[in-house]
Amino acid sequence: MRALVLSSEDKRVSASVEELSDSDLAEGELLLEIEASGFNYKDGMAIKGLGALVREYPHVPGIDLAGKVVECVDGSFSAGDRVIVTGFRIGEWHWGGFAEYARIPKSSYAVGMPEGFSARSAMACGTAAMTAMQAIARLQEVGVTRDKGQILVTGASGGVGSFAIMFLAREGYDVVASSGGDNTDYLKGLGAREVISRAEFSEPLDPRKPLEKTRWAGVIDSVGGAPLARVLAQTQAQGAVASIGLTAGVELSGTVLPFLLRGVSILGVDSAMYPIEKRKPLWDKIASIFTDADYAAIAHEHGLDELPSLAEQILVGKIRGRAVIDPKK
Ligand code: NDP
């Protein structure tokens, strides 16, 4: 089987496409023939050796994969069943989806493919769509419904941002997208009513103005850093900010005043360890929303050889929408 293999020498990580045998795969309950895998920011970090995501080398990255069951030792799936696997440290602690085959430690990490959904569509969605769905669910849990006002999505042209806009707009929310690039047509095509510049939030919060004029009923923030402090200061009373990412930085500086004087909530989202029993209904919902036309608008397909270059691009915010990987290419 072909696989993208990461090796580490003197703490320098290199990536190359190699021929492996399925006997190279670690033990596990589920052997899958991969039909497609998805490409995420975390994969870019793993390929470039950033963030200490990978425990041991050599390593095959790829946190999202979809394919056909070849063998399932506990009988929870039959040969030929089609499944999706995202998260659970696949592609980080365990070998992942940038290969023709994968062995998954536990069969309970897999979700049956929704009826009529393709592996490519599932991977165009992947962790990004799951994360967006979870962030929306978290906002709704604290009362950020569509009647409450505008929702801001930061990092809008990225994978999670694109899905957040699409799903919010289809649920009738009034969505504002914040983007660093010239992405207005793309973001309006996804359903954003307005597109504003990332630069509006890039200056750190002014300590003399810990609360700014309120603008947002809710925020889905995939960038962290200074913009996260700014949007917290702009969220209206009883509003909420779902924090999902860190492309602008990991720090969170600011004051507690939005929480104390406006009752604002900050909501964390960790899609990797999201409980398996809650995933199937979300996948069914994603499959009912995501159409072939959406795939055409959002997805671009690549082979294993292109992954090192995709990694360079995603880390500098140069990938729009979703890269789908065909391991046979
Ligand atoms: P993408 O790279 O696809 O999107 C990130 C977007 O952030 C870019 O497209 C760009 O959008 C914006 N951006 C990039 N660099 C900067 C910067 N320096 N300052 C401000 N904005 C920037 O990544 P994903 O959508 O896949 O993931 C987004 C984040 O969410 C990542 O940090 C990822 O690790 C995290 N994540 C977290 C998950 C969780 O469970 N919590 C699950 C999945 C992802 P634009 O040009 O439009 O501004």
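Not measured: the values here are computed from a predicted model. (Residues numbered from 1 in each chain as written. Predicted model: local features only at pLDDT ≥ 70, side-chain atom pairs only at ≥ 80, totals over all residues. Heavy atoms only, no water.)

Chemist: Teacher, can you tell me more about the overall build of the chain here?
Modeler: Looking only at helices and strands, the chain has 9 helices and 15 strands in total. Taking 20 Å as the expected radius of gyration for a compact globule of 329 residues, we find that the chain reaches 20 Å, a close match to that expectation. Its C-alpha atoms give the chain principal-axis dimensions of roughly 60 × 45 × 35 Å. Long-range contacts, defined as pairs at least 24 residues apart, comprise 71% of the intrachain contacts of the chain with a sequence gap of at least 6. Averaged over its 34 positive side-chain charges, the chain has a centre that lies 8 Å from the centre of its 42 negative ones. (Helix = DSSP H or I, 4+ residues; strand = E, 2+ residues; numbered from the N terminus. Rg over C-alpha atoms; globule rule 2.2 N^0.38 Å. Contact = heavy atoms within 4.5 Å. Lys, Arg positive; Asp, Glu negative; His and termini not counted. Charge placed at Lys NZ, Arg CZ, Asp CG, Glu CD.)

Chemist: Looking at this model, I keep getting lost on the site of the ligand. Mind explaining?
Modeler: S157, S179, I244, V269 and S271 are the nearest of the 25 residues found near the ligand. Measuring from an oxygen atom of the ligand, one finds a backbone N or O atom of A156 at 3.5 Å. Separating an oxygen atom of the ligand from a backbone N or O atom of G159 is a distance of 2.9 Å. Coverage of the ligand by the protein amounts to 88% of the 920 Å² it exposes when considered alone. (Near = heavy atom within 4 Å. Polar contact = N/O pair within 3.5 Å; in protein donor to acceptor, adjacent residues only side chain to side chain. Areas by Shrake-Rupley, 256 points an atom, 1.4 Å probe, with all protein chains shown as cover.)

Chemist: So what exactly am I meant to see when it comes to the pattern of salt bridges here?
Modeler: If the charged atoms of two oppositely charged side chains come close together, the side chains can form a pair. In this structure the tally under the stated criterion is 19 salt bridges. The closest approach of N and O atoms between R170 and D294, which form a salt bridge, is 2.8 Å. With R170 in helix 3 (residues 159-170) and D294 in helix 8 (residues 292-298), this pair connects stretches of sequence that are 124 residues apart. Sharing partners across several salt bridges, the network here consists of E33, E100 and K328. (Salt bridge = Lys/Arg side-chain N within 4 Å of Asp/Glu carboxyl O.)

Chemist: Quick question: what am I supposed to make of a nonpolar patch on the surface here?
Modeler: Residues L252, V256, F259, L260, L261 and I266 make up a contiguous nonpolar surface patch of roughly 570 Å² in combined accessible area. Per-element accounting of the nonpolar patch gives the leading share, 3 residues, to helix 6 (residues 257-262). Examined against the element boundaries, I266 turns out to sit in strand 13 (residues 265-268). (Patch = residues over 30% accessible without salt bridge, like charges linked within 9 Å, V, L, I, M, F, W, Y side chains within 5 Å.)

Chemist: How should the packing of aromatic side chains be read in this particular structure?
Modeler: Given two aromatic rings, their pairing is described by the distance between the two centres and the angle made by the two planes. If you walk through the whole model with that rule in mind, you get 4 aromatic pairs. Where F88 meets Y109, the ring centres are 4.4 Å apart and the plane angle is 5°; that geometry is what we call stacked. Here the residue F88 occupies a position in the loop between strand 5 (82-86) and strand 6 (101-104), and Y109 occupies one in the loop between strand 6 and strand 7 (110-112), the gap between them amounting to 21 residues. On the basis of an interplanar angle of 50° and a centroid distance of 6.0 Å, the ring pair of F163 and F290 is categorised as tilted. With F163 in helix 3 and F290 in the loop between helix 7 (276-289) and helix 8, this residue pair connects regions lying 127 residues apart in the sequence. (Phe/Tyr/Trp six-rings, centres within 6.5 Å; stacked < 30°, edge-to-face > 60°.)

Chemist: Help me understand the nonpolar core, please; the structure alone is not making it clear to me.
Modeler: Across soluble globular proteins, nonpolar side chains have a tendency to be buried as a group. With 55 residues, the main nonpolar core has F117, F163, I165, F167, I286 and F290 as its most contacted residues. Among the elements that take part in this core, helix 2 (residues 119-141) stands out by supplying 13 residues, more than any other. Each of domain 1 (2-113 + 291-325) and domain 2 (127-271) accounts for three or more of the residues forming this core. For F290, the contacting residues outside a window of four places in its chain are F117, S121, A124, C125, F163, M166, Y295 and I298. With 15 residues, the next largest nonpolar core counts L65, V69, F77 and A110 among its residues. (Core = buried A, V, L, I, M, F, W, Y, C linked by side-chain atoms within 4.5 Å. Buried < 20%, exposed > 50% of the residue type's maximum accessible area, 1.4 Å probe, protein only. Domains from an automatic or database assignment.)

Chemist: Would you explain the domain arrangement of the chain in this entry?
Modeler: Partitioning the chain into structural domains gives domain 1 (2-113 + 291-325) and domain 2 (127-271). Spacing between the C-alpha centres of domain 1 and domain 2 amounts to 28 Å. Residue-level contacts link 14 residues of domain 1 with 16 residues of domain 2. A buried area of about 1100 Å², summed over both sides, lies between domain 1 and domain 2, and 55% of it is on carbon and sulfur atoms. (Buried area = accessible area lost by both parts, 1.4 Å probe.)

Chemist: For this particular structure, what's the right way to read unusual backbone geometry?
Modeler: Excluding glycine, a negative phi dihedral is what most residues carry, and trans is how most peptide bonds are arranged. Cis geometry marks the peptide bond from Y57 to P58, where omega comes out at -5°. Turning to its location among the elements, P58 is positioned in the loop between helix 1 (41-47) and strand 4 (64-72). Unusually for a residue other than glycine, D10 sits at a positive phi of about 50°. Following the sequence through the fold, D10 ends up in the loop between strand 1 (2-9) and strand 2 (12-19). A relative accessible area of 72% means that D10 is categorised as exposed.

Chemist: Is there a simple way to think about the sheet that holds strand 11 (residues 216-221) in this case?
Modeler: Strand order in the open sheet formed by 6 strands is 10-9-8-11-12-13, with parallel pairing between adjacent strands. Among the strands making up the open sheet, the edge pair consists of strand 10 (194-197) and strand 13. Along the sheet, successive strands turn relative to each other by an average axial angle of 20°, direction set aside. The pairing of strand 9 (residues 175-179) with strand 10 spans 4 bridges and is classified as parallel. (Pairing = 2+ DSSP bridges. Axes fitted to C-alpha atoms, helices over the stretch in contact; angles between N-to-C directions.)

Chemist: I would appreciate a short explanation of the side chain of E100 in the present structure.
Modeler: Relative to the helices and strands, E100 is located in the loop between strand 5 and strand 6. In terms of polar contacts, E100 uses its side chain to reach the backbone amide nitrogen of R2, at 2.6 Å.

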